[in-house]
Amino acid sequence: MSTTALRVSRVRGRGAGLGLLAWLLGIAFFLPIAWMALTSFHSEQDAATNPPSFAAALTLDGYREFFGAGGGASPWPALINSTVASVASTLLVLLLAFPAAYALSINRVRKWTDVLFFFLSTKMLPAVAALLPIYLFAKNAGMLDNIWLLVILYTSMNLPIAVWMMQSFLAEIPVAVIEAARVDGARLPTILARIVAPISLPGIAATALICFIFSWNELLFARVLTGVVAETAPVFLTGFITSQGLFLAKVCAASLVISLPVLAAGFAAQDKLVQGLSLGAVK
């Protein structure tokens, strides 16, 4: 066998090994979700057996109980609250992060690296350290159990990450394109809306999806700052866990239903997400 053929064989073997490893990792990540989905279709008695029974009869009782068929609370108000908080905060984050990222990447302000570090430093404080001051502020302002308080909190929490990501995306845009638009007389709003935004659309989609996921999954502040009116889906989910009785199948059904919006958003934006992450935000 020639040296070239030997090298080609080694490369193919290495590629096959990496492909097999990728499949194994993918299956390892998928197994817990598959197990949760299977458990959600079992009765509470079958779900609580040890070792678990794979051949147990399938039922929709867990989903019926989640949607309040057994006289329980309806999940729709919590799902609507999560949707409002996640979508509204994501739109606000994009509205604020886009011009900020433009100023830090293309039309750079003075000491822009210090500004980026300041944005990053705001994420170094543990969320629980800010919980009591935010609670006292919300209490004195009369905003406890208010969905718009969560919108403001989620916007402030996701804004630093969004600025960092979009700054990296916008830094990939050729400056010559923007300079040509300026020569043609285009003003800043026109440049942002008609040139920068379409070019960086994959990065905007990736940023929006990540901010939406972070907002949808947030539990700590929603648990402490909301009650009945502004209760979100993750808080509603924790209400199924009790000290007595069986609840595993119902919790799995609720977890699967609450995860569907995030999975649907990721599936719908998967092409933009892959393009956006490949632009340089996450390397």
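Residues numbered from 1 in each chain as written. Predicted model: local features only at pLDDT ≥ 70, side-chain atom pairs only at ≥ 80, totals over all residues. Heavy atoms only, no water.

Another aspect to go through is the overall build of the protein chain. Helix and strand content of the protein chain: 14 helices and zero strands. Shown N-terminal to C-terminal, the secondary structure of the protein chain runs as helices and strands in the order α-α-α-α-α-α-α-α-α-α-α-α-α-α. For the protein chain, the residues scored as buried account for 36% of the 283 residues in total. Taking all contacts inside the protein chain whose residues are at least 6 apart in sequence as the whole, residues at least 24 apart take part in 76%. Of the accessible surface of the protein chain, which amounts to about 16600 Å², a share of 69% is contributed by carbon and sulfur atoms. (Helix = DSSP H or I, 4+ residues; strand = E, 2+ residues; numbered from the N terminus. Buried < 20%, exposed > 50% of the residue type's maximum accessible area, 1.4 Å probe, protein only. Contact = heavy atoms within 4.5 Å. Areas by Shrake-Rupley, 256 points an atom, 1.4 Å probe, with all protein chains shown as cover.)

Backbone geometry places D145, a non-glycine residue, at a positive phi of 60°. The residue D145 is located in the loop between α6 (131-140) and α7 (147-170) in this model. According to the relative accessible area criterion, D145 is partly exposed, its value standing at 22%.

Turning to the nonpolar core, a few remarks are in order. Core analysis: the biggest nonpolar cluster contains 28 residues, and Y102, M166, L170 and V196 have the highest contact counts within it. Those elements that place two or more of their residues in this core are α4 (76-105), α5 (112-121), α7, α8 (175-183), α9 (188-199) and α10 (201-217). Contacts of V196, omitting those with residues within four sequence positions, involve F98, Y102, I106, L170, I173, I178 and I191. (Core = buried A, V, L, I, M, F, W, Y, C linked by side-chain atoms within 4.5 Å.)

Right, let's get into α7. For α7, with 24 residues, the first-to-last C-alpha span of 32 Å sits near the 34 Å given by 1.5 Å per residue. The largest bend in α7 is about 35°, located at L159, with the proline P160 one to four residues further on. Where burial is concerned, most of α7 is hidden: 18 out of the 24 residues are buried. The N-cap of α7, judged by a side-chain oxygen 2.9 Å from the amide nitrogen of W148 a few residues on, is N146. (Expected span 1.5 Å × (residues − 1). Bend = angle between axes of the 7 residues up to and from the residue. Polar contact = N/O pair within 3.5 Å; in protein donor to acceptor, adjacent residues only side chain to side chain.)

All right, on to the side chain of S255 then. Summarising the element assignment, S255 is placed in helix α13 (residues 248-268). Look at S255 and you get buried, because its relative accessible area is 14%. With near-sequence residues (within four places) excluded, S255 lies in contact with M36 and L237.

Following the UniProt record, one finds the feature "transmembrane region" (unreviewed entry) at residues 20-38, 84-104, 116-135, 147-170, 191-215, 221-240 and 247-269. Structurally, residues 116-135 comprises 55% helix and 0% strand, and the distance from its first C-alpha atom to its last is 28 Å. Its end C-alpha atoms 32 Å apart, residues 147-170 is made of 100% helix and 0% strand. (UniProt positions renumbered as here; feature names shortened; annotations may be inferred.)

A word on the packing of α10 against α13. Two elements in contact, α10 and α13, have axes separated by 10 Å at closest approach and are oriented at 175°. Between α10 and α13, the angle is such that the two are roughly antiparallel. Facing α10, whose interface residues are L209, F212, I213 and W216, α13 presents I258, P261, V262, A265 and G266. Here the residues of the contact of α10 with α13 are counted per class, giving eight nonpolar, one polar and no charged. (Axes fitted to C-alpha atoms, helices over the stretch in contact; angles between N-to-C directions. Parallel < 35°, antiparallel > 145°, perpendicular 65-115°, else oblique. Nonpolar A, V, L, I, M, F, W, Y, C, P; charged D, E, K, R; others polar.)

Their axes nearest at 6 Å, the elements α4 and α7 cross at an angle of 35°. Judged by the twist between their axes, the crossing of α4 over α7 is right-handed. (Left-handed = near helix turned anticlockwise from the far one by under 90°.)

Tallying each qualifying case throughout the model produces seven aromatic pairs. Here the aromatic rings of F41 and Y63 are separated by 5.1 Å at their centres, their planes lie at 40°, and the arrangement is tilted. Taken together, the residues F41 in the loop between α1 (3-40) and α2 (44-47) and Y63 in helix α3 (residues 61-66) connect sequence positions 22 residues apart. The class for F41 is partly exposed, based on a relative accessible area of 29%. Between F66 and F240, the ring centres sit 6.0 Å apart and the planes meet at 65°, which makes this aromatic pair edge-to-face. In this pair, F66 is assigned in helix α3 and F240 in the loop between α12 (233-238) and α13, connecting sequence segments 174 residues apart. Like F66, the residue F240 is buried in the burial classification. Here the aromatic residues F66, F67, W76, F236 and F240 are joined through ring pairs into a cluster of three or more. (Phe/Tyr/Trp six-rings, centres within 6.5 Å; stacked < 30°, edge-to-face > 60°.)

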